[in-house]
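One letter stands for each residue in the lines below.
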Amino acid sequence: MKLLMCPFLSCQRNLCNSLAWFAIILLVGSNSLAAGSQPRFFPVIRDSGMHWFSYFESAYPMQEIPPQPASSMPEDDVRTLAENILSYEQALEAAEPSGNNYHIEQIEILDTLALLYRKAGDIEKARDAISRQYFISRISRGLYDEGHIGLLAELADISVQLGEKDQANEYQYALLNLQTRILDADDPVLINAYLRWADWHLQNYISSTESLIRFSTWDAAPAFNTHFRESDSFYRKAIASFQNGTALNQQTRVSLLVAIRKWQALHFIALKQITTENPLRRHDPFPGAEEKPAFIAPTMHVANIAKEIKPPALLSQASDDNEIQTAIMQYMLLGDWQLSMGSVRDASESYGMARQLLQTRSLSPDLANSLLTPGLQISEPDDWYYFYSRRPEFRGHFDVRITLDSDNRVEKIDFEDEEMLKHEYAKALKRHIILGKFRPLEVNGKSSTERSVSLRYYYE
């Protein structure tokens, strides 16, 4: 089934503004999705325990967890489950009234059956039960009932589990179409619909490009990739909706920050796939039909992304501490993005804006450090997305003390345990640190007299 476009899917203008493609980003060390054979490192500030995900989810696992053996269901439970399934299957047959196989009473029975099938590990039967439930629900309650949302989401997720990507895409599109029809434009729930669609296409975009080293033909560029265009457009929609909201609570703040980080990952991964003869210029992906391809400076792409990550002025001037903290975090993520892209001066300004906002509030030193995470090695967006989406189990860690110069560049690396220098990953970690970029060692606008930071690097 071809991907149908909703009436409001007008992303070409945004693409013209944002897809100013520039030089290929070199794939180095462990900082690449394609480098599957390379170890990946996860830095944590030892003193505070802060890490990449502290803005998003403080409970993200930060310790080595030995693999747990798969548990099997006790025989008595298996027998009881089979009996329950048979009982509800019989109840379903009995619930079908004569001459009417679409009675609403069947919906509840099918819902329970789907749960039982899942518990029994029969995903296909669970999918069939939910599909039938959705069919009956549409007949009984109408095409655009809010109750369809959960059913479509389940059908999409199960189709992914079964490896039926095309079918999953149909359900994802039906879910988006339903929500945009029945939800008001200012309904916060609509943002979740945008994010689900954007996430879905980000996953597909990564799957379609992870085996590539670079694009070999112009028409394979991100501007011509449906997954990239859809993901980019809907992350923009979601972020804009967050920015235009009247208030940000804890839940929406986290959702906004995660959306920004995923959007950064989308563009970072796309940029690494591009090749060009001239490393300083790039063809405009949307030249006019009668025009010769134009050229755009590489800094424009970073600047265009930055405009939409930057917190709105009203948020920076807010009186609510929660909103100020959100603005500080956005500036830090913006600085990380600019630093990843090599825009050191712009990154310094963004980090400086975060520190300025911090000075407007009498926040505790611990909270200030948690917001600025001074000295933390930043994650490139694709590394961040890798950990966020896969939740790896760490096999060990290195404790390292890193001395930075006044420009936050690595000056010295000391392993706390010299025996770890013999570890097979020691050289890879050194390279990862040397090539890495670090957040400023400053708090409240003052340079730290101690130009070193102790980090713990977990590895897979």
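This structure is a prediction, so every number in the text was calculated from the model and none was measured.

Reading guide: rules and limits
Residues numbered from 1 in each chain as written. Predicted model: local features only at pLDDT ≥ 70, side-chain atom pairs only at ≥ 80, totals over all residues. Heavy atoms only, no water. Core = buried A, V, L, I, M, F, W, Y, C linked by side-chain atoms within 4.5 Å. Buried < 20%, exposed > 50% of the residue type's maximum accessible area, 1.4 Å probe, protein only. Helix = DSSP H or I, 4+ residues; strand = E, 2+ residues; numbered from the N terminus. Contact = heavy atoms within 4.5 Å. Phe/Tyr/Trp six-rings, centres within 6.5 Å; stacked < 30°, edge-to-face > 60°. Lys NZ or Arg CZ within 6 Å of the ring centre and 35° of its normal.

Caption draft 1: Molecular detail of the nonpolar core. Phe-42, Ile-328, Trp-337, Phe-398, Val-400, Ile-402 and Tyr-457 are the most contacted members of the largest nonpolar core, which totals 93 residues. At 13 residues, helix H9 (residues 250–272) tops the list of elements feeding residues into this core. Beyond its immediate stretch of four places on either side in the chain, Ile-402 contacts Val-410, Lys-412, Ile-433, Phe-438, Arg-451, Ser-452, Val-453, Leu-455 and Tyr-457. Within the second largest apolar cluster, 26 residues are counted, among which are Ala-129, Ile-149, Ala-153 and Ala-156.

Caption draft 2: The arrangement of the packing of aromatic side chains in detail. Following the criterion strictly, the structure yields 19 aromatic pairs and no others. An angle of 75° between the planes, with centres 5.3 Å apart, marks the rings of Trp-52 and Phe-387 as edge-to-face. Remark: Phe-387 occurs in helix H15 (residues 381–390) and Trp-52 occurs in the loop between strand S1 (41–45) and helix H2 (75–95); sequence separation between them is 335 residues. The exposure class assigned to Phe-387 is buried, which follows from its relative accessible area of 0%. Ring plane angle 15° and centroid distance 6.3 Å describe the contact between Phe-53 and Tyr-388, whose orientation is recorded as stacked. With Phe-53 in the loop between S1 and H2 and Tyr-388 in helix H15, this pair connects stretches of sequence that are 335 residues apart. Given a relative accessible area of 1%, Phe-53 falls into the buried group. The exposure class assigned to Tyr-388 is partly exposed, which follows from its relative accessible area of 25%. Within the aromatic cluster, the residues linked to one another by ring pairs are Phe-42, Trp-52, Phe-53, Tyr-55, Phe-56, Trp-384, Tyr-386, Phe-387, Tyr-388, Phe-394 and Tyr-458. Sitting over the face of the ring of Tyr-386, Arg-40 holds its NZ or CZ atom 3.8 Å from the ring centroid. The ring of Phe-234 carries Lys-237 above its face, with NZ or CZ at 5.6 Å from the centroid.

Caption draft 3: Seen up close, the environment of Ser-140. Within the secondary structure, Ser-140 is located in helix H4 (residues 123–141). Taking the C-alpha atoms as reference points, Ser-140 and Ile-104, 36 residues apart in sequence, are found 6.2 Å from one another.

Caption draft 4: Local environment of helix H14 (residues 365–372). The complete set of buried residues in H14 reads Ala-368, Ser-370, Leu-371 and Leu-372. Among the residues trailing H14, Thr-373 stands out with phi positive, at a value near 35°.

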